[in-house]
Each structure stands twice: as C-alpha cells, then as structure tokens.
Amino acid sequence: MLLHHCQTVTKTMPTFRLSLFAPCWHTLLMLGVGLLFCISVSQANSSTPTSPPTTAQHRFVLQLKWQHQFQFAGYYAAVQKGFYREAGLEVQLVEATPDTDVIKEVLAGHADFGISSTSLLPLRTQGHPVVAMAAIFQHSAQIFITRPVISNDDRPPVFPNLHGKKVMIESHADELYAYLQREKIDIGAMTPVAHNFGIRALTEDRIAAMSGYLTDEPFLLQQQGEPFQIFNPRQVGIDFYGDILFTTEDTIASYPKQVEAFRKASLKGWEYALNHPEEVIQWLQQRYQTQKSAAHLRFEHQKMQELIQADLIEIGHMHRGRWQHIVRTYAELNMLPAKFSLEGFLYHPPVKETLPTWLRYAIAGGVLLIVLGIFTVAYILRLNRELAGQIATSQQIEAARLRDQGRIHAANERLQGMMTHLPIALALVNADTQQFILLNPKFVATFGYQREQLQDMATFWAQCAPERSAYLQEYWQRQISNVIRHGGEIPPFEFHAQHQTGQQHILQCHMVQFDDWQLLAFVDLTEQKRLESRLQYMALHDELTGLANRTLLREQVEQAIHHAKRHQAMHFAVLFIDLDGFKAVNDEAGHAIGDELLKEAAQRIKQSLRASDQPARLGGDEFAVILHDIRHAEDALTVAQHVLDVLKQPYAVAEREFDLSASIGIALYPDHATEVKALLHAADDAMYQVKRNGKNQCQLAQNSAQPSVSI
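Residues numbered from 1 in each chain as written. Predicted model: local features only at pLDDT ≥ 70, side-chain atom pairs only at ≥ 80, totals over all residues. Heavy atoms only, no water.

Engineer: Got a minute to help me understand the packing of helix 22 (residues 582–589) against helix 23 (residues 591–607) in this structure?
Structural biologist: Geometrically, a packed helix pair is captured by the angle between its two axes and the distance between the axes. Contact geometry for helix 22 and helix 23: axes closest at 6 Å, N-to-C directions at 140 degrees. Considering the angle they form, helix 22 stands oblique to helix 23. Residues F582, V585, N586 and A589 of helix 22 touch helix 23, and the partners they reach there are H591, I593, G594, L597 and L598. Of the residues that constitute the contact of helix 22 with helix 23, the class distribution is six nonpolar, three polar and no charged. (Axes fitted to C-alpha atoms, helices over the stretch in contact; angles between N-to-C directions. Helix = DSSP H or I, 4+ residues; strand = E, 2+ residues; numbered from the N terminus. Parallel < 35°, antiparallel > 145°, perpendicular 65-115°, else oblique. Contact = heavy atoms within 4.5 Å. Nonpolar A, V, L, I, M, F, W, Y, C, P; charged D, E, K, R; others polar.)

Engineer: Looking at this model, I keep getting lost on the environment of V193. Mind explaining?
Structural biologist: Its location among the elements puts V193 in strand 7 (residues 191–193). Judged by relative accessible area, V193 falls into the partly exposed class, the value being 27%. It is 5.8 Å that separates the C-alpha atoms of V193 and V167, two residues lying 26 residues apart in sequence. Discounting chain neighbours no more than four positions away, the residues touching V193 are K166, V167, M168, I169 and I207. (Buried < 20%, exposed > 50% of the residue type's maximum accessible area, 1.4 Å probe, protein only.)

Engineer: Would you mind showing me how to read the sheet that holds strand 1 (residues 58–63) here?
Structural biologist: Hydrogen bonds between backbone groups are what pair the strands of a sheet, and the pairing can be parallel or antiparallel. Here we have five strands laid out as an open sheet, ordered 2-1-3-10-4, and mixed in their pairing. One side of each edge strand has no neighbouring strand; the edge strands of this open sheet are strand 2 (89–94) and strand 4 (130–137). The mean inter-strand angle of the sheet, taken between neighbouring strand axes irrespective of direction, is 25 degrees. Where strand 3 (residues 113–116) lies against strand 10 (residues 242–248), three bridges are found, and the strand directions are antiparallel. For G114, the partnering residue across the bridge sits in strand 10 and is F246. (Pairing = 2+ DSSP bridges.)

Engineer: Just checking my understanding: could you explain the side chain of D580 for this structure?
Structural biologist: Note on placement: D580 falls in strand 16 (residues 572–580). You can call D580 buried: its relative accessible area is 6%. A distance of 2.9 Å separates polar atoms of two side chains, one belonging to D580 and the other to S663. (Polar contact = N/O pair within 3.5 Å; in protein donor to acceptor, adjacent residues only side chain to side chain.)

Engineer: Explain the environment of R182 to me, please; I cannot follow it from the model alone.
Structural biologist: Structurally, R182 is set in helix 8 (residues 174–182). When the C-alpha atoms of R182 and P233 are compared, they prove to be 9.0 Å apart, with 51 residues separating the residues in sequence.

Engineer: Sorry, what's going on with the layout of surface pockets here?
Structural biologist: If a probe the size of a water molecule is rolled over the atoms, the empty space left behind becomes visible. Counted as a void, the second largest pocket has a volume near 810 Å³. If you go around the second largest pocket, you meet 40 residues; those closest to its centre are K65, W66, Q67, E170 and F197. Secondary structure elements with two or more residues in the lining of the second largest pocket: strand 3, helix 9 (200–203), strand 8 (209–213) and helix 10 (217–223). Broken down by element, the lining of the second largest pocket gets its largest block of residues, three residues, from strand 8. (1 Å grid on protein atoms, 1.4 Å probe; cavity = no way out; pocket = protein on both sides within 12 Å on 5 of 7 lines; lining within 4 Å. Points joined across faces, edges and corners; volume = space filled by probe spheres on them.)

Here is the structure:
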C-alpha cells in the first residue's frame, strides 16, 4: 500500500520535483523491514519465561495526624477492603498523641508516610526533603473558635482583639498564623498556650481563642449547648489545601513502584469511604476503638464532604497553580522566600518503562528517519498547495468569525433564558465598573427595581439596604479586592434588604467571580429565619406558660456561674417551687382549668420578680427562678417569701375560686454548690424537705457551712 502510494504520487509530480522524491520508497521499505525485525525481536524477548512474581508484601507505616476518627476514613477503607493487600503492601496505621510531631516521625524514619498541612512548605526551604503526594481536603479544616462576637445581623463578625489575651493554637498551623497577620493581629502581643485538644479552656473562659478543626470542636460545643463563633481563614482569601499525604524523597527513590501503589490504594480507599460512611463508622467503633460517638463521626463525614468536594474534583488532586498561589500568600506574609520553587516538592508518579533500552533507541531512530521523510513529502506538497491555501484562508477566517458570532449570540440567549426561569434573584455585574449588565425577573420582584434604576453596586446598596449602605459598600469593595489580589472566594453573607415599597427581607448574597464579570445570587432567608426563630423559641420555652423550660434553665444557670466566676463578688440563688394541692384540683376540676391555674401561677411568679431575674417552668406544677445579684441568704429568703405570699392568694377561674400554696427550696451559689447539676439538686432537695415539714414555706439548702433555715 505504501509503495503504491509513493508510485502514484511520483507519477503525478511535476518533472523538476521528481528527483527530490525518488528515493522515498526505498527508504520507507528499508525502515519497514527494520521495524518488523525490531518488533519480532521484542516479541521473542517477551515470550521468554520470566520468574514468577513474589508474594512477599512490602511493609509501610502511615503516621496519622490524630487519634482514630472519620478524618482518616480512606486509609481504614484501604486496609479493611484489602486495597493495600491487592497492591502488594502491608500498611500499619499509627495513631497520634498530643505530643506527636507527624513530620518529625516521618523525617526520622519512624514512619514512611504522614498527614500534615501546607506547613510542609517552610520545612522544604530548611532542607527537609518532604514531598506532597495528595491533598485529601481541597479546603483546609483549620479554624479559630472564640466566644460569640456581638455584631448586627447584616454585619459579619469582626475578629476579636487578642492583645494580651491567651490563645491556644496547635503546632504546624501556618495558615492560622497567616490569617492573624491578614487580620492585622499582633502575634507577638498574644500569650500562647499549649493546646490540650479539648474545649474546656474556652468554655470556662480561660482563653480568648483556640485553633480547631471544622469537623470536630463545633460538634462538641453544640452538644454541650455552648455558644461559640467560628473564624475561617477562607473569609480573607486564605484558602489552603488540608490533610496532605506526604513522604520523603528517600522513600520515593528507594521504593518508587511501592510508593505509587500506596498512593493509588489510599485514594481508592477514600472513594470507598465517602460512599460508605456507616460501614466506616462501624469499623471505627468495633476495630479501632474510637472515642467518638456515632453522631460525632457522622458530623465529621458531613463536614468533610464539603471540604473534599469529591463530586467536583478528583480525590487527592493537587493543582500546581493552586500551590503557587499558596506559596505567594506565604511569601507576602514573610513566611517563605519570594523565589521559592516547587521543584521536587510535588509528587510525580514514575513513568512506566515497558521496552528495553536498545529497542527504544532503535524505534526512536526509525521514527526520526520517517519524520524526515514526511517533512520532505510535506515540503513538496506545500509548494503545490500554497497558492490555493492563501486564497482559502481569508474565506475561512470570515466564516469562522460568523460562526463565533452565532455561538456567542446563542450562548447569550441560553444564559438569559436560564436566568429568567431560575427561582432566585440573579444579577450580572461588570467586574471593572461594577455596573449591572442583566437582572432576572426574580431580582426585580425581590427588590422592586429595574436595571435602569440601579446604575451600579453602590446605587444598589444605597437603595436596597439604606440603613447599612455605607458599611456594606465598604465591605463589598474590600472583599472584591481580596479576591483580585489573593484569589479564593467571597464567603456568603447575610443582610437586611428593603424592597422599593419599604418591605423588609433577610437575604443571603453569593458571588462567583469570572474574568471580567460577576454573577450575584440573592437567596431570600426571611421565612427560614422566622421559622428558625420560632423553632428555637419553642425548643427553649414552655408552650403553656411561655416561661423558660428545663433546657433553657440549665443554660441560664451555667451562664450565671460563668458570670459569677468572672466577678468574684457576684452571687446568685436558685429557687425550686412546687404548687401544693394542685394535683387534687387538676383531677377534680379537669385539665382545662388546671392549665389556666398554671398560667395564672406563672404570671404571678413573673410579676413578683425583678426584670433581671429569670423564671422557668420545669413541668407539671414545678417552677424555678434564678435570682441574680444576691449578696446574702436573707435576700433570697425575702424574695421567696414574697413569691409564697403571692401564690397563696385565691385563684378565680371559670367562675370558681381555688386556693393553692407552694413549697420553695433555695440554693445559693457558691455556698451550696459550684456546678450546675449540684446547684439544681440542692434546691430540689430543699424543696422536698419543705414538703416533708408540712408545705407552704421556703427553706435554704443544707451544707456544713449553712444550717437549714425555714420561714
């Protein structure tokens, strides 16, 4: 076929070009024979019997970053599902302790692989041969946690002033130090505290802030009902990789095939673990003796999915451009030299060689000769086509321009159609001028303005959020500048918006930055916030009386204890109140009248207290009260006697009159107890002592320092 083609082309060539092409078929024929010989030799060699593969497994040690938990789910899956074993590996997973330095363990040779953060970069500049192999988290989980920061609803919380304050921060938390520098926090003015990997130091107000993991401490704080505030480095454009699998250059050089097999098996394990979370949780509880509850592990899985983003990005993926951005951030904050090179730091899988060296050289030489022959033929043919090509080029360019115009027009129509039918408010904004390009109908319905009435974002903030327009405009410009300089994203934020008619909404703003324009989406949270507020109120208040319930009472007592600890001279008291004779009235008159009596009793208790005191209904005919700023036991007894007198007054319900009394127990902080449970128990015991002594009186709790007093 090739010879026939050469002869055919030769016959059609002009005479003056034939001498250039005449040797072509001889050369190609010789090359074909040579290549056939090479291939036959290669096949002969490949058919030679080889020694059977060894069944011995290579042993590796992986040093985990912390104790057994869902954070390392992929590695458990690779062990339990046999992915490591199938790759010829035996892998030991080693837990960390608070004293473990993962990077030192790997560099010292105690482990072959470890899990760390972008803090590997500074170590590379110090000459340590660490190599990043895979980024499991596309967004790092490291955060700062503080007590709640007071701010307006539409204003993001401001990072607290840590000057002279104690801050608990773990080692290798470079991105958190970068966050502090970006927030203009004087790190030298802080008082660092060794991290104990617990939350008590924060809940007891012994520190002002602590580093934590988005997948861990927030769950513990929520479980304990402790209020807290999260500050994420991503809010200021610091968006680093997290939980990076790494090794050393020596390990890669010594075992290149095994290292690559370990990486592939680990990522296969991660893919399995994320799709089978309940199976992983079962392993952790039964085989790895994790200290975490199933609910905590499920919380980890949920948060990790947001950080790994396996539905968008291949697990473990590392982009060189993203790493260069991280390096620039380090350099801007003087944490890395400006000319730091990633050469050698990012792992590259070994190239698989399947042919002998002599055969590769032979094939390369043959290919080179073929390429030279092809170039000769192409040169001759080009001379014939050159003129026709020049004529056709201008026609093709014009046709391509018309096709591009049609595609752009069609894309614009599709974009406008999509925005028109989506049920959320959308707007396209010019990134340079901040002028509106397009508003969808939902945007117009949400705010009441057409595009002609909103020139740019400054006009938008002035007309749609007039009470906070100056702040929101300044905040918007600052966030846009951060995205332009540092990359990352603008975190969604909430604000109170005003319709042209004056109607108020609570909206959440999302923004996606493209090259020369921005897509804004406004999600209406008004009904959701109203429902959340109602549900939260119902969860913490008694439905019948509107007073605080038992859950809220415990939180209020805990807050009172924290307040009293901060102000040593401040004491408070807890009253437990039980209505005497209510059960008989309820059984005789019915539950409807009983409910009315309870509501009337609740109103009397509330009206007999100061505005700062906090009444609650515990259930049935039991009530409680927190009396703040009680200096002496006599003060609490006086208030309790007043409540007792009020509750003894006759009750008129449904044209009937009822008489009730009450038994009241009193416990003082810190005289009778210093913990929530013990304090409530002391008041409850005192109330039952009153019941045993004849009811219709109040009594202090007993302890060694305070004898029982009844009135």
